[in-house]
Amino acid sequence: MTDALLPNGIKDGGGDNSYFKKGCNPFAQTGRSKLQNTRASLNQQIIKQMRMRAGAENLLKATSNNKVKEMVFLELSYVNSNLQLLMSQLEGLNSSVEVYQSSQELANIPLIALGLKETKEVDFSAPFKDFILEHYSEDGKNFEDEIADLMDLRQACRTPSRSEAGVELLAKYYSHLPLIESRFFPPTRQTGIFFTWYDSFTGVPLCQQNLSLEKASILFNMAALYSQIGTRANRQTVAGLEEAVSSFQKAAGVLNHLKETFTHTPSYDMSPAMLSMLIRLMLAQAQECLFEKMALPGIRNQFYSLMKMAQEAAKVSEIYDQVHQCMIQTPVKDNVPFFWSTMSQIKANHYRSMAHYFVASALLDHQLGPSDDEDQQEKTLSQVYDCLPDGHTPLEILKNKDERQRIGKAHIRRAILGHEEALRIYNLCKHINKLDVLQEILKASHQRSLDKYSENENEEEFADYMAAPDIISKTEHKAEMEVPGTTKGPLSVFSAKQRWTAPRTVRVHSEDRDLGFTLKGDSPVQVVSLDPLCAAAADGLKEGDYIIAVGDTECKWMGVSDVMRLLKDVDKEGIDIQVVSMMESNPAMPTKSATFCGNLPKTYSMICLAYNDDDKNSKSRKVAKKSSFLSWGLKNKMKSASTLSLPTADNSSTRS
């Protein structure tokens, strides 16, 4: 296979070890690896209980013996109890936020990270070699090393490091999948390869024979890894907070890409409702880190600074309110951990209370003096309230000391009530009770508000139970979804719905400054108005072709101006460009998949679930000389691990 057929235009590494990607040691005794190992164990126990429940339910339908039915009912009650217990343990894992936090994190509220989806090992060897022999008429044994490299890459993706290198590892495998799909997964037949992934929230397994589940799950894990990078960042420094903000925004971007691209994935954790909630959660945490970044140097006890921070805190509270509303809606509430919804509710109350505390401080600690800008303060106060209290104008409140005191104390009372509500909610969740740092922050904030109220309390005054008005949320830096470079691209064109020819190399010559064709499109750029007599047409260029590379430069993501810049210096010697053509799509067979909704699947047989990894005979493995994935990449330094060299359709094969 030539370099042009490699995914994303990657060339042969030529001995460069930068192309060899490895995962973490799965036996490493870190907190995160222990958690993932426990998750994998729970997944296996859940699938075992589901098999037992399916067998019991089938027996119940088949028998008419009352005594047998009584025994089956008793067995079902045990199985259902065990399943509930296992689900509870899995929820506990999703509530374990401490292992994801930075070791320097002692003064900030913990953040929530997504756990990685677990998967079963997949053996591509026999199906791929059989397909190569049948479809391409070549001996599949000649490609054992390449297939082994692909399997090693997938195995390494099960334990990615919690860093950009881990994301690159997942992106590397993800970039292979479209090429693998086009070469080995014809739409008119099944390959017999089962991809099994476990739901991140319920542990329920899902199997499919096409690559849609594989692609979607890898994207989910990329987002999960970004969320883990964000929670690990040191939020005591500006650089750490910027890393956290960027990571959460990228996690939201990947989740949004997953939601828009894979719309029918029958898995709870990747359903549209769940993904929408997760996107909101990631953006809320990014907004929280932006607030912390503004507060990191310290908040000046000055009227404008306090009012600004009040609206910033109100913005964080507003977003967490929206997250909480998403979490308590059906069907999300049935699967999201109670810890998550409780944490979002606590943060919504906490930051709302902080907003009222800041407004109270601005009104109670400062008076409108002769040297102050009266118009500016009036404008600032008017932008904080949607509806002014008791029909007062902003200027009246600012100039009247008694009114400032009255409204300020109303805000501080509301802050106290909000902090008390946050502490009450904190005590309702057993998993949150373990977070001592969160309790300390909530208690300290509550005490600070109590102290502020005591400072301004006057025993001679009558009690005033005026309700403080709501504070308008506002931010100077709104958290936005950020799509990382690994998932960017002209998705409407290079999507899974289209079929493409293999990239072709065409020699382009300049004939009196005329290439013989024109280009259109943002990205990718398409060939239009082709002169049938030009040299490029003679070399195989067609109208409608998409240019994916000019020389050694990949240009799938470039617009017309960038591609023309690459072509402007073409001389009579010419330059090679790579193009692909869209093929007519053949009607595909219906995708066979299993959706587990508290019961066993009815859509196809249980072959993939009955298959036990522990029962495999190692002698039946058909990939020769396959080393452990822990040492993957060391066995052949002259061969790029990102190259899966397989024969072309015309039986002319070039080994890379």
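Not measured: the values here are computed from a predicted model.

## Considering the overall build of the protein
Regarding its fold elements, the protein presents 17 helices and 10 strands. Residues classed as buried in the protein amount to 50% of the 656 residues present. Partitioning the intrachain contacts of the protein with sequence separation of at least 6 by distance along the chain shows that 78% fall at a separation of at least 24. Only carbon and sulfur atoms are counted for the fraction: they give 50% of the accessible area of the protein, which is about 30,500 Å².

## Things to note about helix α5 (residues 164-184)
For α5, spanning 21 residues, the distance from its first C-alpha to its last is 30 Å, which sits close to the expected 30 Å at 1.5 Å a residue. The largest bend in α5 comes to about 30°, at Pro178. Of all 21 residues making up α5, 15 are buried, and the element is well covered by its neighbours.

## Concerning the pairing of strand β7 (residues 546-550)
Judged by how many residues are buried, β7 sits mostly within the fold: five of five residues are covered. With two bridges connecting them, strand β6 (residues 525-528) and β7 associate as antiparallel partners. The partner of Val525 across the bridge, within β7, is Ile547. In terms of strand pairing, β7 meets strand β9 (residues 575-580) through four bridges, oriented antiparallel.

## Quick word on the side chain of His446
Relative to the helices and strands, His446 is located in helix α14 (residues 436-455). Given a relative accessible area of 15%, His446 falls into the buried group. The residues contacting His446, other than those within four sequence positions of it, are Ile416, His419, Glu420 and Leu423.

## Re the nonpolar core
Grouped together as the largest cluster of nonpolar side chains are 122 residues, with contacts concentrated most on Phe124, Phe128, Leu255, Met277, Leu278, Trp340 and Leu438. Looking at which element gives the most residues to this core, the answer is helix α10 (residues 338-364), with 15 residues. Once residues lying within four places of it in the same chain are set aside, the contact partners of Leu278 are Leu114, Phe201, Phe220, Leu255, Asp269 and Trp340. Val506, Val508, Ala536 and Val550 belong to the second-largest nonpolar core, a separate cluster that totals 20 residues.

## Digging into unusual backbone geometry
Following Thr330, the chain continues into Pro331 via a peptide bond in cis, with omega recorded as 5°. The residue Ser137 is not glycine, and still its phi comes out positive at about 60°. With respect to the secondary-structure elements, Ser137 resides in the loop between α3 (125-135) and α4 (144-156). Taking relative accessible area as the criterion, Ser137 reaches 54% and is therefore assigned exposed. Despite not being glycine, Ser529 has its phi angle at roughly 50°, a positive value. Among the secondary structure elements, Ser529 is positioned in the loop between β6 and α15 (535-538).

## With respect to the environment of Lys315
With respect to the helices and strands, the residue Lys315 is situated in helix α9 (residues 303-327). Sequence-wise, Lys315 and Thr475 are 160 residues apart; in three dimensions their C-alpha atoms are separated by 6.5 Å. Leaving out residues up to four positions away in the same chain, Lys315 has contacts with Gln287, Ser473, Lys474 and Thr475.

## Some details on the packing of α10 against helix α13 (residues 401-426)
At their nearest, the axes of α10 and α13 sit 8 Å apart, and the two run at 160° to each other. Here α13 runs roughly antiparallel to α10, going by the angle between their axes. When you trace α10 past α13, the crossing you get is left-handed.

## Details of the packing of aromatic side chains
Counted under the stated rule, the structure contains 11 aromatic pairs. Through a chain of ring-to-ring contacts, the aromatic side chains of Phe124, Phe128, Phe131, Tyr136, Phe184, Phe185 and Phe195 assemble into a single cluster. Above the face of the Phe220 ring, Lys117 is positioned so that its terminal group lies 5.7 Å from the ring centre.

## Digging into the side chain of Gln311
Positionally, Gln311 belongs in helix α9. Accessibility expressed as a relative area gives 8% for Gln311, which makes it buried. In this structure the side chain of Gln311 is engaged in a polar contact, spanning 3.1 Å, whose partner is the backbone oxygen of Ile472. Contact partners of Gln311, with chain neighbours within four places excluded, come to Gln383, Val384, Ile471, Ile472, Ser473 and Lys474.

## As for the environment of Arg235
Tracing the backbone shows Arg235 in the loop between α6 (212-232) and α7 (238-261). Spatially, the C-alpha atom of Arg235 lies 8.1 Å from that of Lys293, the residues being 58 residues apart in sequence. For Arg235, the side chain forms a polar contact with the main-chain oxygen of Ile109, separated by 2.9 Å. A distance of 2.6 Å separates the side chain of Arg235 from the side chain of Glu292, its partner in a polar contact.

Conventions and cut-offs
Residues numbered from 1 in each chain as written. Predicted model: local features only at pLDDT ≥ 70, side-chain atom pairs only at ≥ 80, totals over all residues. Heavy atoms only, no water. Helix = DSSP H or I, 4+ residues; strand = E, 2+ residues; numbered from the N terminus. Buried < 20%, exposed > 50% of the residue type's maximum accessible area, 1.4 Å probe, protein only. Contact = heavy atoms within 4.5 Å. Areas by Shrake-Rupley, 256 points an atom, 1.4 Å probe, with all protein chains shown as cover. Expected span 1.5 Å × (residues − 1). Bend = angle between axes of the 7 residues up to and from the residue. Pairing = 2+ DSSP bridges. Core = buried A, V, L, I, M, F, W, Y, C linked by side-chain atoms within 4.5 Å. Axes fitted to C-alpha atoms, helices over the stretch in contact; angles between N-to-C directions. Parallel < 35°, antiparallel > 145°, perpendicular 65-115°, else oblique. Left-handed = near helix turned anticlockwise from the far one by under 90°. Phe/Tyr/Trp six-rings, centres within 6.5 Å; stacked < 30°, edge-to-face > 60°. Lys NZ or Arg CZ within 6 Å of the ring centre and 35° of its normal. Polar contact = N/O pair within 3.5 Å; in protein donor to acceptor, adjacent residues only side chain to side chain.

Everything listed is a geometric property; what it means functionally is a separate question.
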